[in-house]
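What follows is the residue order along each chain.
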Amino acid sequence: MTDAKVKICGLRDPAHIDAAVRAGAGYVGFVFFAKSPRHLEIDAAGALALHVPLGVAKVALTVNATDAELDAITGAVPLDMLQLHGAESPARVAEVRSRYGL
């Protein structure tokens, strides 16, 4: 049996991060997709990411993000992982991983 880790995504408030961490989340996610009601601006996500305790991974969820969008996100938000949630091809996923190391 393996240990499962849970990601709570769409967090927009420090109190929500605290609740997710208390509940045992191993990952917290920030949504960078303007059509989502959970969308965060980059500066807000940067501040929230600083609230996440060590040992909990910070994830940016994107949808078909361009390099310019990913540059802006990764340049302002301390992240552990990028979640590509669009129609990215395997080649695009490899390109993103190579470019950002995430």
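Cut-off values and rules
Residues numbered from 1 in each chain as written. Predicted model: local features only at pLDDT ≥ 70, side-chain atom pairs only at ≥ 80, totals over all residues. Heavy atoms only, no water. Buried < 20%, exposed > 50% of the residue type's maximum accessible area, 1.4 Å probe, protein only. Helix = DSSP H or I, 4+ residues; strand = E, 2+ residues; numbered from the N terminus. Arc of directions from axis to C-beta. Contact = heavy atoms within 4.5 Å. Core = buried A, V, L, I, M, F, W, Y, C linked by side-chain atoms within 4.5 Å. Axes fitted to C-alpha atoms, helices over the stretch in contact; angles between N-to-C directions. Left-handed = near helix turned anticlockwise from the far one by under 90°. Nonpolar A, V, L, I, M, F, W, Y, C, P; charged D, E, K, R; others polar. Pairing = 2+ DSSP bridges.

Looking at helix 4 (residues 90-100), one finds that the buried residues are Arg-92, Val-96 and Tyr-100. End-on view of helix 4: buried residues confined to an arc of 45°, all on one side of the axis. In this structure, helix 4 carries Pro-90, Ala-91, Arg-97 and Ser-98 as exposed residues pointing more than 90 degrees from its buried face. Buried residues in helix 4 make contact with helix 3 (67-76) and strand 4 (81-84). Just beyond helix 4, the residue with positive phi is Gly-101, at close to 65°.

One can find Ala-72 in helix 3. We classify Ala-72 as partly exposed; its relative accessible area is 38%. In this structure the C-alpha to C-alpha distance between Ala-72 and Ile-42, which are 30 residues apart in sequence, comes to 7.7 Å.

Turning to the nonpolar core, a few remarks are in order. The biggest cluster of nonpolar side chains holds 22 residues, and the ones touching the most others in it are Val-28, Phe-30, Phe-32 and Leu-82. For this core, the secondary-structure elements that each account for two or more residues are helix 1 (14-22), strand 2 (27-32), helix 2 (42-49), helix 3 and helix 4.

With that settled, consider the packing of helix 3 against helix 4. Where helix 3 meets helix 4, the closest approach of the two axes is 12 Å, and the angle between their N-to-C directions is 35°. Two packed elements cross with a definite hand, and for helix 3 against helix 4 that hand is right-handed. Two secondary-structure elements touch here, helix 3 through Asp-67, Leu-70, Asp-71 and Thr-74 and helix 4 through Arg-92, Glu-95, Val-96, Arg-99 and Tyr-100. Of the residues that constitute the contact of helix 3 with helix 4, the class distribution is 3 nonpolar, 1 polar and 5 charged.

Let's shift gears to the sheet that holds strand 2. Here 4 strands make up an open sheet; going across it, the order is 1-2-3-4 and the pairing parallel. The outermost strands of the open sheet, each flanked by one partner alone, are strand 1 (7-9) and strand 4. If you compare each strand with its neighbour and ignore which way they point, the axes differ by 30° on average. Note: strand 3 (residues 57-62) against strand 4, 4 bridges, orientation parallel. Paired with Leu-61 across the bridge in strand 4 is Gln-83.

The values are spatial; any link to function lies outside them.
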